[in-house]
Amino acid sequence: MNANIEEKDILNLLNGIEMDENQFNSIDADMSEFSKKKIINNLKGQVNSSKNKRLKKLKYGAAAAAVGFCCLIGVGIKNPTFADNVPVLNSIIEIINKKLGYGGDYSKYSQMIGKTATFNGLTMTIHDAIYDDSGLMIGYTLKGADVKKRMESGNYDWPFLGNYIKINGKISTLAGGANGDFLDENTLTTIATLDTKNKKLPNKLDISINIKSILGIDGNWDFKFSVSKDKIAKHTKIFHPNKSIKYENSSITIDKVVLTPINTSIFISGHRDKPSAEDGNNDNFWDHNTWFVLDDKGNEVKFKGSHYSSTDIFKGFKYTLDLDALQRTPKYLTVIPCDFTSELSGSESMKDMAQDVVPKGLKHNSAPLKSTLPLVLPQGNFGKLTITEIQTSSTKTTVKYTVDGKFPNFQGQKLFIKDSKNKLLKPLSPYNNIVKDKNNPNTFTLDFSSLNPDEEYTICTTPLENYKLREDLKFNIELK
C-alpha cells in the first residue's frame, strides 16, 4: 500500500536544509537524463518556495521499560516516491537528522517498509527502518485531524512503539526515544529509536507492531515487516579496548566501541563503590561522568544521547554513550571528563523555565542585540562566541557566529536571545539546534522568527562556570 503522505508534506520537510545536487544525479531510475534533470529542477523550485516549518523534537519514555533511554537517532527512506510526480531523493529521517545537526548515511542503509493503516480518521504510516548494532530505528507518520493539538494537550498517552512490538514472535518491551517534525497541524513525521543493545538478537528481525489506541482514537493499527542488519554490518567496526578506570567512588570499564555509518557507541560497564558527597541522590553512575569526546585529530565528536540498564548501581550497571557518526576510523578517541553542577534548582527556576523565562539563577554574559559587530561573548575557560552577522528578513532573523574553543558543538549550543521582558526567544530549529557551516566547522547560524525592529533584545551566552574540565583525568580509548 502506498504511504499516505502528501506532496506538500515532503516539500515542507525538505525546506530549510542544504541539498547536494550530486545526490540527485545518482537517482536509480529508468528515465532519460532530460527527464531526470526536469524532476530535479522541479523539486528544487518547489522546496525553495515552500514555507519553512519549525522542527520540534519529542522525547518520551517507555513506562514499562526496565532501562532508561535518551538517544536521538534517525532512520531514513531510500528514494521512495510518495506522490506520482515527486520523487523523494533524500531519506526523510536523514533530513530530520540534518536539521538536528547529526551526520550519518541514513538513506543508504534504510529499508523501505511503506505500510499504512487508517482507523477513525487517523492514518499511521511506517515508512522505513534501520537495524544495526546501535539499535532498531523506525520512521513513521501520524496524519489526522488535530494531531498536533492532541499531542501537545498532554491528555493522551504517546504511542511509544517499544510498548507494542513483537520481535520474532515474542513480546519485547523496549526502552527508547523519539523525535519528529510537525509538518502542519495534522501531520507528524517521527523517528522511534529502540534499544536492542543488550538483547541477543539475530541479524534479521521479524517485527510485529499492534496499537489499539493513538492519541485517544481507537483502532487497530497493525503492521508486520522484516529488517536486517546484514548490509550495514559490512561497514560496522567493533573494538574491544577493555580499558578499566578506578575513580574515588566508582569503577568503570570501556568494554566496546562500535562505529557504524550512522552512529558511534561507547559501551561501559561498572559499579558504584560508595555514595559521592557531591551526589547525595546517587544519580551519577560514576564519578566525573560528563564526558567530552574528541577524535585523534582533536575534533569534537557530537553527543547524541545515552542509555543504561541497572537495578542497583552499587551491584553493577551497563551504560552506552551515543555520539555522531565518524567520517573515518580514528586511531583513538580522547575522553575529557568534566564535573558538572546544575546552576538551576528549586521551584522558582523550574517555573521560569516552564514559562520560557531566563531563570534568575542562570549566570550569563550578555550584550544588546543592536551592538556593533563583531560582538564577543566570553565563555570562561571554554573560550568565546563571536557574533559576526545578524540579518532580518520578513520571515526570520539569522544570527551568524564563530566559536573559539575545543568543543564548538557544545559551546555553540549556549547562545540565546531574550526580549525586554526577560523571555527567551524560541529558535526555529529544534532544541536550540545550530547549523554548522560545512566549509568552516567553527562557524554556525541560528534562526529565530523575524525580530521586531522596535523591540530591545539581548543576546547572551553562559560562562560555563558549572562545567569543570578535568584535564588531569583525560584518557584515550585505543581503536585497534
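What counts as what
- Residues numbered from 1 in each chain as written.
- Predicted model: local features only at pLDDT ≥ 70, side-chain atom pairs only at ≥ 80, totals over all residues.
- Heavy atoms only, no water.
- Buried < 20%, exposed > 50% of the residue type's maximum accessible area, 1.4 Å probe, protein only.
- Helix = DSSP H or I, 4+ residues; strand = E, 2+ residues; numbered from the N terminus.
- Pairing = 2+ DSSP bridges.
- Core = buried A, V, L, I, M, F, W, Y, C linked by side-chain atoms within 4.5 Å.
- Axes fitted to C-alpha atoms, helices over the stretch in contact; angles between N-to-C directions.

> What is the right way to read the pairing of strand E6 (residues 135–143) from this model?
Regular strands place their side chains on alternate faces of the sheet. In terms of residue burial, E6 counts as a mostly covered element, since nine of its nine residues are buried. Bridge count for strand E5 (residues 122–132) against E6 is nine bridges, and the pairing is antiparallel. Paired with Met124 across the bridge in E6 is Leu142. Here E6 runs beside strand E10 (residues 187–194); their pairing, made up of eight bridges, is antiparallel. When the bridges of E10 are listed, Leu142 appears paired with Leu188.

> How do you make sense of the nonpolar core when you look at a structure like this?
Across soluble globular proteins, nonpolar side chains show a tendency to be buried alongside one another. With 35 residues, the main nonpolar core has Met124, Ile138 and Phe225 as its most contacted residues. If you look at the next biggest cluster of nonpolar residues, it comprises 24 residues, including Phe285, Trp291, Leu323 and Phe475.

> Could you clarify how one ought to interpret unusual backbone geometry in this entry?
Across residues other than glycine, the phi torsion is negative in most instances, and most of the peptide bonds are trans. Going from Leu373 to Pro374, the amide bond is cis rather than trans, its omega being 0 degrees. Relative to the assigned elements, Pro374 resides in the loop between strand E21 (365–368) and strand E22 (375–378). Phi is positive for Asn422, which is not a glycine, with a value near 70 degrees. Considering the arrangement of structural elements, one finds Asn422 in the loop between strand E25 (415–418) and strand E26 (435–437).

> What am I meant to see in the sheet that holds E22 here?
Spatially, E22-E23-E24-E27-E26 is the arrangement adopted by the five strands of the open sheet, whose pairing is antiparallel. Looking along the sheet, the strands with just one partner apiece sit at the ends: E22 and E26. Adjacent strand axes in the sheet meet at a mean angle of 30 degrees, parallel and antiparallel pairs treated alike. The pairing of strand E23 (residues 384–392) with strand E24 (residues 396–404) spans eight bridges and is antiparallel. Within E24, the position partnered with Ile387 by the bridge is Tyr401.

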